[in-house]
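The chain contents come next:
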Amino acid sequence: MSFAISSVALSAMGAVSGAIGSYSSAKSQKLGLENQAAMAEINARLSETSAQQELIKGQAESARLTMSAGQLKSKQRTSLAANGVILNEGSAAELQASTDILKEIDKNTIEANAVRSAWGYRTQGMNYQNEAIAKRGTASGISPFMSATSSLLGSAGQVAGQWYSLNKAGAF
């Protein structure tokens, strides 16, 4: 009889131990997902910061280009005037106009590249935000208590079955 009681008692303790393990495992999984979501949110903020830096960098490059183009045009005008060329007519006017056009083309290219780069960072940031939402949603669906209860109920059926078999065999 003591063997039967020990056997059922050990099975019951195993069931409780399994329930505790299920609780711990579910709790750990939930915390892991919440931490991953927090990291994804941090990465999303870093991506936005990078996007803003790209736009600022583009503005600075555009300003440098505009200043350089202005200096070039000023040198052209000075050189033309020093040689007695009329500045607002003919090839002198065309030279200055082409300098302005090239400046605008380069400026637009710099600005478009900055916007494209910022868009890439913002897209990456959106992906991180979506990842955070998904991880938080998955984490909210995990209940350590329900996991432990489910494990305990499954094991309780086995313990009851063992007790019933031993009782039927006359072990108690």
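Here, every reference points to the structure presented above.
Below is a short write-up of the structure.

Parameters at a glance
Residues numbered from 1 in each chain as written. Predicted model: local features only at pLDDT ≥ 70, side-chain atom pairs only at ≥ 80, totals over all residues. Heavy atoms only, no water. Core = buried A, V, L, I, M, F, W, Y, C linked by side-chain atoms within 4.5 Å. Buried < 20%, exposed > 50% of the residue type's maximum accessible area, 1.4 Å probe, protein only. Helix = DSSP H or I, 4+ residues; strand = E, 2+ residues; numbered from the N terminus. Axes fitted to C-alpha atoms, helices over the stretch in contact; angles between N-to-C directions. Parallel < 35°, antiparallel > 145°, perpendicular 65-115°, else oblique. Left-handed = near helix turned anticlockwise from the far one by under 90°. Nonpolar A, V, L, I, M, F, W, Y, C, P; charged D, E, K, R; others polar. Salt bridge = Lys/Arg side-chain N within 4 Å of Asp/Glu carboxyl O. Patch = residues over 30% accessible without salt bridge, like charges linked within 9 Å, V, L, I, M, F, W, Y side chains within 5 Å. Areas by Shrake-Rupley, 256 points an atom, 1.4 Å probe, with all protein chains shown as cover. Polar contact = N/O pair within 3.5 Å; in protein donor to acceptor, adjacent residues only side chain to side chain.

Attention now moves to the nonpolar core. By size, the foremost hydrophobic cluster in this structure holds 5 residues: Ala4, Val8, Ala15, Val159 and Leu166. Residue assignment for this core shows that the elements contributing at least two residues are helix H1 (2-82) and helix H3 (144-168). Per-element accounting of this core gives the leading share, 3 residues, to H1.

With that settled, consider the packing of H1 against H3. Interaxial distance between H1 and H3 falls to 8 Å at its minimum, and their mutual angle equals 165°. With respect to each other, H1 and H3 are oriented roughly antiparallel. In this structure, H1 meets H3 at a crossing whose hand is right-handed. Grouping the constituent residues of the contact of H1 with H3 by class yields 15 nonpolar, 8 polar and 2 charged.

So, on to the pattern of salt bridges. Summed over the entire model, instances satisfying the criterion amount to 5 salt bridges. For the salt bridge of Glu41 with Arg136, the shortest nitrogen-to-oxygen distance reads 2.9 Å. With Glu41 in helix H1 and Arg136 in helix H2 (residues 90-140), this pair connects stretches of sequence that are 95 residues apart.

A word on a nonpolar patch on the surface. A cluster of nonpolar side chains, contributed by Val16, Ile20 and Leu152, occupies part of the molecular surface with about 250 Å² of accessible area. Within the element layout of this structure, Val16 appears in helix H1. Exposure remark for Val16: the relative accessible area of 43% places this residue in the partly exposed category.

Okay, the side chain of Ser151 next. Mapped onto the elements of the fold, Ser151 is located in helix H3. A distance of 3.5 Å separates a polar side-chain atom of Ser151 from the backbone oxygen of Gly18. At 3.4 Å, the side chain of Ser151 forms a polar contact with the side chain of Ser22.

This part covers the packing of H1 against H2. When two helices pack together, their arrangement is captured by the angle between the axes and the distance separating the axes. Interhelical geometry of H1 versus H2 gives an angle of 175° and a closest axis separation of 7 Å. In terms of their interaxial angle, H1 and H2 are classed as roughly antiparallel. Tallied by class, the residues present in the contact of H1 with H2 amount to 21 nonpolar, 16 polar and 17 charged.

Here Ser68 lies in helix H1. Considered as a pair, Ser68 and Gln53 are 15 residues apart in the sequence and their alpha carbons are 22 Å apart.

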